[in-house]
Amino acid sequence: QALVAAEVALAVVLVSAAGLMVRSVANLFAIDSGFDPRNVLTMRLATPVAYYPDAASVIGFHDELKRRVSAVPGVSVVGTVRILPLATEMGDWGLAVEGYAPPPNEGTPGDWQVVTPGYFEAMGLRLIEGRFFEERDRVEAPLAMVVNRRFTETYLAGREPLGMRVRIGGSPDTASYTIVGVVENVHHNGLTREVKPQFYAPLAQFARAPGNLTRSVNLVVKTRGDPALLTQSVRAAIRGLDPRLPVSEIRTMDEVVAASIAEPRFAMGLLGSFGVLALVLSAIGIFGIVSQVVTARAHEFGIRIALGAAPRDVILLSLRAGVAQTLVGLVLGVIGSLLLTRAMTGLLHGVAPTDPLTFAGVIAVTGSVAILAVLGPARRAARTDPMTALHQG
């Protein structure tokens, strides 16, 4: 019988851990990432210097790439971006923001992103004020910049952001960008990571100031249906433009988001599987214990029934052994869970390792499984034939 209590306790511990992970993963999916991953196909490509020696050739490639991919049936919007959100860690760049003086020993960093017109629309970023990049934001046009809401809160608090000027890098000789739009924050480095001030610069203009030509980019394609179905068509459009260019990391943004929380999802699945197994084992153990009790006390039950005992009374007698061990296991399991789930703090988001709602649900589930395991043998005991039991005794 002690083994049954241990099985129930183990089930409580594992199901508690699985329950916490389920709630944590649900909380992760509920986080507003700042973009819409639905129906978005992505793939990585580059413009090697051997084929595209200067900025003009790279910019021309992207113009033609957008034209060809946009012509693919089922494609809605096309853009490119230096690195995808939730896929790669983003670095920052030192900035000089008009009217902002950083505190002593601090800089003015901004996470940087280089994009082409169409990226914001393809990814579903939300415009707070101003505008997105347009085709007019060419290399020779006035430098345009889009910043996120955290940028305005940090460096432009209380001031109108549109029209403010920003230099990328520390050199006073670098040309200034003018902020033309503000977008909602995007969780780039992780759904649970703090969002930092971030700026977006057009790919064509970034080659001019600060003078960095972005050669490796991610194509972002918003589709009107399942994006995976357009993979071959989009690749064919790229091959038609330049068959020498390798295309890699083909995936949907839904897959990118899923991969970013792969660790907690794996932990949830693993703990859930062990939890179900532990529940099954505890149910089998309880069923076996109560069945043994019913068999051993069949003669006693026959006498009680012959003397007028009601089936309910016999059921209660049969339940005692299984219920007692279940209660002991539940208590031990809750104590063990409260101690062990604290080690899961680093995996959890938005839920405490001692969450009372989760533990209440676990107790209800485990207790219900135990009662169901007990009821079968107990009902069989209530149907004991007095004459047969007395004769066998």
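Residues numbered from 1 in each chain as written. Predicted model: local features only at pLDDT ≥ 70, side-chain atom pairs only at ≥ 80, totals over all residues. Heavy atoms only, no water.

**Points about the overall build of the protein**
The line we're drawing: Going along the chain from the N terminus, every DSSP run of H or I of four or more residues is numbered as a helix, and every run of E of two or more is numbered as a strand. Contacts between residues were defined by any pair of non-hydrogen atoms, one from each residue, lying within 4.5 Å. Computed by Shrake-Rupley with a 1.4 Å probe, the accessible areas treat only the displayed protein chains as cover when residues are assessed.
The helix and strand inventory of the protein stands at 12 helices and 11 strands. Within the protein, contacts between residues at least 6 apart in sequence are counted, and of these 83% link residues at least 24 apart. Total accessible area on the protein is roughly 18,200 Å²; 60% of this is exposed by carbon and sulfur atoms.

**Notes on the nonpolar core**
Just so we agree on the cut-off: Put simply, a nonpolar core is a bunch of buried Ala, Val, Leu, Ile, Met, Phe, Trp, Tyr and Cys residues held in one set by side-chain atoms that sit within 4.5 Å of each other. Each residue's exposure class comes from its accessible area (1.4 Å probe, protein chains only) as a fraction of the maximum for that residue type: buried when under 20%, exposed when over 50%, partly exposed otherwise.
By size, the foremost hydrophobic cluster in this structure holds 44 residues, and its most contacted members are Phe-151, Leu-219 and Val-234. Examining the composition of this core, we find that 5 residues originate from one element, helix α2 (residues 55–70), more than from any other. Residues in contact with Phe-151, not counting those within four places in the same chain, are Leu-95, Val-97, Leu-156, Val-166, Ile-179, Pro-197 and Gln-198. Core analysis: the next-biggest nonpolar cluster, separate from the first, contains 27 residues, Ile-31, Tyr-119, Phe-120 and Val-183 among them.

**So, helix α7 (residues 253–260)**
What counts here: This arc is built from the directions going out from the helix axis to the C-beta atoms.
For α7, every residue scored as buried is listed here: Met-253, Val-256 and Val-257. Taken down its axis, α7 places every buried residue within 95° of arc, on the same side. Those residues of α7 that are buried lie in contact with β1 (40–46), α3 (119–123) and β11 (248–252).

**Here's the deal with the pattern of salt bridges**
Charged atoms that come close allow side chains of opposite charge to pair. This is how the line gets drawn: The term salt bridge refers to a side-chain nitrogen of Lys or Arg lying within 4 Å of a carboxyl oxygen of Asp or Glu.
By the definition in use, this model includes 17 salt bridges. As a salt-bridge pair, Arg-126 and Asp-32 come within 2.5 Å of each other at their nearest N and O atoms. Taken as a pair, Arg-126 in the loop between α3 and β5 (127–130) and Asp-32 in the loop between α1 (2–30) and β1 lie far apart in primary sequence, 94 residues in all. We classify Asp-32 as partly exposed; its relative accessible area is 45%. Between Arg-150 and Glu-194 there is a salt bridge, and its shortest N-O distance comes to 3.9 Å. Placement of Arg-150 in helix α4 (residues 149–155) and of Glu-194 in the loop between β8 (176–183) and β9 (198–202) is noted, with a sequence separation of 44 residues between them. By relative accessible area, which is 23% here, Arg-150 ends up partly exposed. Salt bridges sharing partners connect three or more residues here, namely Arg-149, Arg-150, Glu-153, Glu-184 and Glu-194.

**Looking at unusual backbone geometry**
In this structure, the amide linkage connecting Ala-209 to the following residue, Pro-210, adopts the cis form with an omega of 15°. In this model, Asn-39 sits at a positive phi of 55°, which is unusual for a non-glycine residue. Judged by its relative accessible area of 30%, Asn-39 falls in the partly exposed class. The phi angle at Leu-86 is positive, at roughly 65°, despite the residue not being glycine. Within the secondary structure layout, Leu-86 lies in the loop between β2 (75–81) and β3 (92–97). The exposure class assigned to Leu-86 is buried, which follows from its relative accessible area of 10%.

**Overview of the packing of aromatic side chains**
Definition in use: Put simply, two rings from Phe, Tyr or Trp (the six-membered ring, in Trp's case) pair if the centres are within 6.5 Å, and we call them stacked under 30 degrees between planes, edge-to-face over 60, tilted for the rest. Look at NZ for Lys and CZ for Arg. If either is within 6 Å of the ring centre and within 35 degrees of the ring normal, a charge sits over the ring.
Tallying each qualifying case throughout the model produces 10 aromatic pairs. Through pairs of rings, three or more aromatic residues link up here, namely Tyr-119, Phe-120, Phe-132, Phe-133 and Tyr-200. Looking at Arg-82, its charged tip hangs above the ring of Trp-112, at a distance of 3.5 Å from the centre. The ring of Tyr-51 has Arg-244 lying over it, and the distance from NZ or CZ to the ring centre is 3.9 Å.

**Some thoughts on the side chain of Thr-174**
Here Thr-174 is to be found in the loop between β7 (165–168) and β8. The class of Thr-174 is buried, set by a relative accessible area of 18%. With sequence-adjacent residues up to four places away left out, Thr-174 is seen in contact with Arg-167, Ile-168 and Ala-209.

**Quick look at the packing of α2 against helix α6 (residues 231–241)**
Put simply, the test is: Here the axes come from fitting lines to C-alpha atoms, over the contacting stretch only for helices, and the angles between their N-to-C directions go from 0 to 180 degrees. Angle categories: roughly parallel below 35 degrees, roughly antiparallel above 145, roughly perpendicular from 65 to 115, and oblique for all the rest. Throughout, a crossing is termed right-handed when the near helix is turned clockwise from the far one, and left-handed when it is turned anticlockwise from it by less than a right angle. We call Asp, Glu, Lys and Arg charged. Ala, Val, Leu, Ile, Met, Phe, Trp, Tyr, Cys and Pro are nonpolar, and the rest, Gly among them, are polar.
The N-to-C vectors of α2 and α6 enclose an angle of 140°; their axes lie 9 Å apart at closest approach. The orientation of α2 with respect to α6, classified from their angle, is oblique. Both α2 and α6 take part in a crossing whose hand is right-handed. Facing Phe-61, Glu-64, Leu-65, Arg-68 and Val-69 of α2, the residues of α6 in contact are Val-234, Ala-237, Ile-238, Gly-240 and Leu-241. Its residues assigned to classes, the contact of α2 with α6 comprises 7 nonpolar, 1 polar and 2 charged.

**Here's the deal with the pairing of β8**
Strand residues, when the strand is regular, have side chains that alternate between the two faces of the sheet. Stated precisely, the cut-off is as follows: Whether two strands pair comes down to DSSP finding at least two bridges between them.
Counted residue by residue, β8 has 6 buried out of 8 residues, so it is predominantly covered. The pairing of β5 with β8 spans 3 bridges and is antiparallel. Residue pairing for β8: Glu-129 is matched across the bridge by Val-182. Here strand β6 (residues 144–148) runs beside β8; their pairing, made up of 5 bridges, is parallel. Following the sheet pairing, Met-145 is matched in β8 by Ile-179. Looking at chain direction, β7 and β8 are connected through 3 bridges and run antiparallel.

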